[in-house]
Amino acid sequence: MAPLQPPVSMMGEPSAAWQQRSLASVWHPCTQMQRAAAVPPLPVARASGPWLYDPEGRRYFDTSSSWWVNLFGHADPGIAAALKAQLDELPHVMLAGCTHAPAVELAERLSSRTSGQLGHLFFASDGASAVEIALKMSVHHWSNCGQPGKREFVCLQGGYHGETLGALAVTDVPVFRSAYAPLLYGGAHLVPSPDARLAGPGEDAAAVAERAAAALEALLAQRHAHIAALIVEPLVQGAAGMAMHHAHYLRRARELCERYQVHLIADEIAVGFGRTGSFFACQQAGIWPDLLCLSKGITGGFLPLSVVLCRSAIYRAFLSDDVARGFLHSHSYSGNALACRAALAVLDRFEQRDVLGDNARLAAVLDTALAPLAQDPRLQHLRRCGMIWAFDVRPEHAPERFAERLHTVGRAHELLIRPIGRTVYLMPPYVLDAALARWLGERLIQTLNTTLNPAAAGYPGAAWPPDADRTPEPSTA
């Protein structure tokens with residue numbers, strides 16, 4: 001028997017070598033690879049807590065929780081221990097015709113988090129898959145209920161729900177959508193976003209929400225007989241630049257969907273599991289959707305998993321002796337036991353500790369550290385929702401390739417940060433303490449000042465720190 005090969009490690013080989021190997025073989029997501037040839041990606045050899053380390057041992061604070069998935073820090077020992085135990089017992093079995101304890105327990109515990117309002121859970125693998133499932137469930141439900149004409153959707157301006165074809169059909173981010181427009185389902189209506197940044201003179205966030213809700217009401221009054229569902233990102237539209245809105249919009253949307261018999265789909269893929277300050281974002285509005293999509297933080301950043309929770313009335317509409325009336329969607333790794341076990345460990349953490357309370361207390365410390373940004377004339381719309389902070393650089397102050405430059409300078413200040421266009425945001429793991437929160441605020445301000453005024457920081461013109469890799473940065477993610 002041949003000896004086992006040692007695990008692949010980046011240690012011992014320089015970052016430049018790994019960058020060359022990656023560019024020769026890996027097609028990186030959300031990246032223009034032509035640009036990547038000149039500005040290679042950051043090699044990450046290991047991670048611990050909020051920190052990422054390159055092969056040379058340099059550290060970088062993961063300000064975006066690795067695309068918003070990491071809750072309790074990288075390599076969290078509690079989640080890792082749960083996975084190791086599950087690995088020896090049952091890594092995976094198909095969920096069609098079989099079941100296992102982690103899947104059952106996860107479905108039960110997530111349903112209980114909704115007080116049983118959402119009684120059944122369907123498993124998938126990633127956020128876009130969850131959205132696809134919710135859209136299909138909605139249309140199929142109405143068809144099973146004798147209303148096959150209800151097959152249109154309503155989505156918000158600036159909304160993002162994933163990059164598979166069904167999800168793109170209800171996404172309003174042109175850089176992702178435009179190239180594939182001929183392939184997309186055409187029955188989607190676009191309604192105004194309740195983004196609080198759109199406030200006019202004399203308006204507050206609640207007034208913007210009401211104005212957007214009035215436009216939604218007008219559409220539903222006209223087209224409700226043909227509309228299956230409204231899909232929203234509750235409280236925060238991520239790819240729109242962390243566009244935050246008042247909970248009043250969710251209350252009005254819930255009321256209107258009930259009045260006009262339209263499903264409300266809550267895409268909490270990015271904002272669930274405490275990101276907005278409550279376990280589910282919808283809780284801040286005191287409402288429950290008909291379909292709830294979850295992913296990203298569900299496994300604490302360890303494994304891919306997504307789920308859709310639905311109301312029992314939707315589930316019951318698929319019960320029949322006719323196989324074709326059933327919901328036959330499937331994924332080979334649906335309900336993967338390892339991923340479910342990681343998700344259960346995440347729920348354990350919320351139950352064993354006051355995660356939301358701790359986050360609120362530490363958020364106040366970071367608020368204080370970031371307070372000077374509110375007085376900076378180069379910036380606007382400093383905002384926070386739970387553990388999400390954001391502000392926008394005014395167009396006249398944003399240099400060419402601003403997002404890339406801020407990202408590059410951030411590395412020199414030990415930050416891995418990915419702006420969305422002119423929007424700078426923080427969505428850190430839930431492992432801050434007061435000292436680290438203050439450090440993070442200080443480093444972000446230093447990074448911003450160097451980016452907007454490089455000459456004052458000793459980098460004249462367009463010259464940037466030579467020891468920082470210049471990674472390609474799309475304007476949308």
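Relevant structure appears above.
Conventions adopted
Residues numbered from 1 in each chain as written. Predicted model: local features only at pLDDT ≥ 70, side-chain atom pairs only at ≥ 80, totals over all residues. Heavy atoms only, no water. Helix = DSSP H or I, 4+ residues; strand = E, 2+ residues; numbered from the N terminus. Rg over C-alpha atoms; globule rule 2.2 N^0.38 Å. Buried < 20%, exposed > 50% of the residue type's maximum accessible area, 1.4 Å probe, protein only. Contact = heavy atoms within 4.5 Å. Areas by Shrake-Rupley, 256 points an atom, 1.4 Å probe, with all protein chains shown as cover. Lys, Arg positive; Asp, Glu negative; His and termini not counted. Charge placed at Lys NZ, Arg CZ, Asp CG, Glu CD. Pairing = 2+ DSSP bridges. Axes fitted to C-alpha atoms, helices over the stretch in contact; angles between N-to-C directions. Salt bridge = Lys/Arg side-chain N within 4 Å of Asp/Glu carboxyl O. Core = buried A, V, L, I, M, F, W, Y, C linked by side-chain atoms within 4.5 Å. Polar contact = N/O pair within 3.5 Å; in protein donor to acceptor, adjacent residues only side chain to side chain. Patch = residues over 30% accessible without salt bridge, like charges linked within 9 Å, V, L, I, M, F, W, Y side chains within 5 Å. Phe/Tyr/Trp six-rings, centres within 6.5 Å; stacked < 30°, edge-to-face > 60°. Lys NZ or Arg CZ within 6 Å of the ring centre and 35° of its normal.

Colleague: Which residues make up the overall build of the protein, and what are the values?
Modeller: Scanning the protein for helices and strands turns up 15 helices and 16 strands. Rg of the C-alpha trace for the protein: 23 Å, near the compact-globule value of 23 Å for 477 residues, within the 12% margin. A burial count over the protein gives 52% of its 477 residues as buried. Contacts in the protein between residues at least 24 apart in sequence constitute 72% of all its contacts with a sequence separation of at least 6. Total accessible area on the protein stands at roughly 20400 Å², and carbon and sulfur atoms take up 55% of it. One way to put it: in the protein the 40 positive side-chain charges average out to a point 2 Å from where the 43 negative ones average out.

Colleague: Talk me through the sheet that holds strand β4 (residues 120-124); I want residue IDs and the actual numbers.
Modeller: Strands sit in the order β4-β12-β11-β10-β7-β5-β6 across an open sheet of seven strands; the sheet is mixed. Strands at the two margins of the open sheet, each flanked by one partner only, are β4 and β6 (188-191). On average, each strand axis in the sheet is inclined to that of its neighbour by 20°, with strand direction left out of account. As judged from the five bridges shared by β4 and strand β12 (residues 306-310), these two strands associate in the antiparallel manner. Counted as the bridge partner of Phe123 is Val307 from β12. Across the sheet, helix α5 (residues 101-113) lies against β4, β11 (291-294) and β12, angled at about 125° from β4, the strand it touches most. Against the sheet, helix α10 (residues 248-259) contacts β5 (152-156), β6, β7 (227-232) and β10 (263-267), and its axis sits at roughly 170° relative to β7.

Colleague: Can you explain the pattern of salt bridges? Please cite residues and give values.
Modeller: Under the criterion given, the structure shown has 26 salt bridges. For the salt bridge of Arg109 with Glu351, the shortest nitrogen-to-oxygen distance reads 3.1 Å. One end of the pair, Arg109, is in helix α5; the other, Glu351, is in helix α12 (residues 337-352), with 242 residues separating them in the sequence. Measuring nitrogen to oxygen at the nearest pair gives 2.8 Å for the salt bridge that ties Arg211 to Glu203. Through salt bridges with shared partners, a single network forms among Glu210, Glu217, Arg252, Glu255 and Arg259.

Colleague: How would you explain the nonpolar core if you had to name every residue and give the values?
Modeller: Counting residues in hydrophobic clusters, the biggest one holds 101 residues, and the most contacted among them are Leu110, Tyr249 and Phe273. Per-element accounting of this core gives the leading share, ten residues, to α12. Tyr249 has contacts with Leu156, Val191, Pro192, Pro194, Ala209, Ala212, Ala213, Leu216 and Val232, leaving out every residue within four places of it along the chain. Counting residues in each nonpolar core, the second largest holds 25 residues, with Trp142, Ala167, Ile231 and Phe318 among its members.

Colleague: How would you summarise the sheet that holds strand β13 (residues 379-385) if you had to cite specific residues and measurements?
Modeller: Pairing is antiparallel in the open sheet, where three strands are placed in the order β13-β14-β16. In this open sheet, the two strands that pair with only one neighbour each are β13 and β16 (423-426). Averaged over neighbouring strand pairs, the angle between their axes works out to 15° when direction is ignored. Of the strand pairs in this sheet, strand β14 (residues 388-393) and β16 are connected by four bridges, and their pairing is antiparallel. When the bridges of β16 are listed, Asp392 appears paired with Thr423. Along the sheet, helix α13 (residues 355-370) contacts β13, β14 and β16; its crossing angle with β14, the most-contacted strand, is approximately 20°. Those strands touched by helix α15 (residues 434-452) are β13, β14 and β16, and its axis lies near 15° from that of β14.

Colleague: Tell me about the environment of Ala313, residues and numbers included.
Modeller: Its location among the elements puts Ala313 in helix α11 (residues 312-316). Given a relative accessible area of 44%, Ala313 falls into the partly exposed group.

Colleague: How would you sum up the side chain of Ser193? Please name residues and give values.
Modeller: Tracing the backbone shows Ser193 in the loop between β6 and α9 (205-223). Looking at Ser193, its side chain comes within polar contact range of the main-chain nitrogen of Asp195, at 3.0 Å. Of the polar contacts made by the side chain of Ser193, one reaches the side chain of Gln237; its length is 2.5 Å. Those residues in contact with Ser193 that sit more than four places away from it in its chain are Leu156, Gln157, Leu198, Ala212 and Gln237.

Colleague: I'd like a rundown of a nonpolar patch on the surface, residues and numbers included.
Modeller: Taken together, the side chains of Leu165, Tyr180 and Leu183 make up a nonpolar region of the molecular surface, amounting to roughly 310 Å² of accessible area. Structurally, the position occupied by Leu165 is in helix α7 (residues 165-169). Classification of Leu165 as partly exposed rests on a relative accessible area of 41%.

Colleague: Pulling in residues and values, what's your account of the packing of aromatic side chains?
Modeller: What the rule picks out here adds up to 14 aromatic pairs. Between Phe318 and Phe327, the aromatic rings sit 5.7 Å apart at their centres with planes inclined by 75°, giving edge-to-face as the arrangement. The exposure class assigned to Phe327 is buried, which follows from its relative accessible area of 16%. Each member of the aromatic cluster is reached from another via a ring pair, and the members are Phe72, Phe273, Phe279, Phe280, Trp288, Phe350 and Tyr430. Over the aromatic face of Trp51 sits the side chain of Arg59, whose NZ or CZ is 3.9 Å from the ring centroid. For Lys150, the ring lying beneath its charged end belongs to Trp142, and the centroid distance is 4.7 Å.

Colleague: Lay out the pairing of β5 in plain terms, naming residues and giving numbers.
Modeller: The buried fraction of β5 amounts to five of the five residues, a majority that puts the element mostly inside the structure. Of the two faces of β5, the one holding Glu152, Val154 and Leu156 and the one holding Phe153 and Cys155 are both buried throughout. Pairing of β5 with β7, which is carried by three bridges, proceeds in the parallel orientation. Paired with Glu152 across the bridge in β7 is Ile227. The pairing of β5 with β6 spans four bridges and is parallel. Along β6, the bridge assignment pairs Leu156 with Val191.

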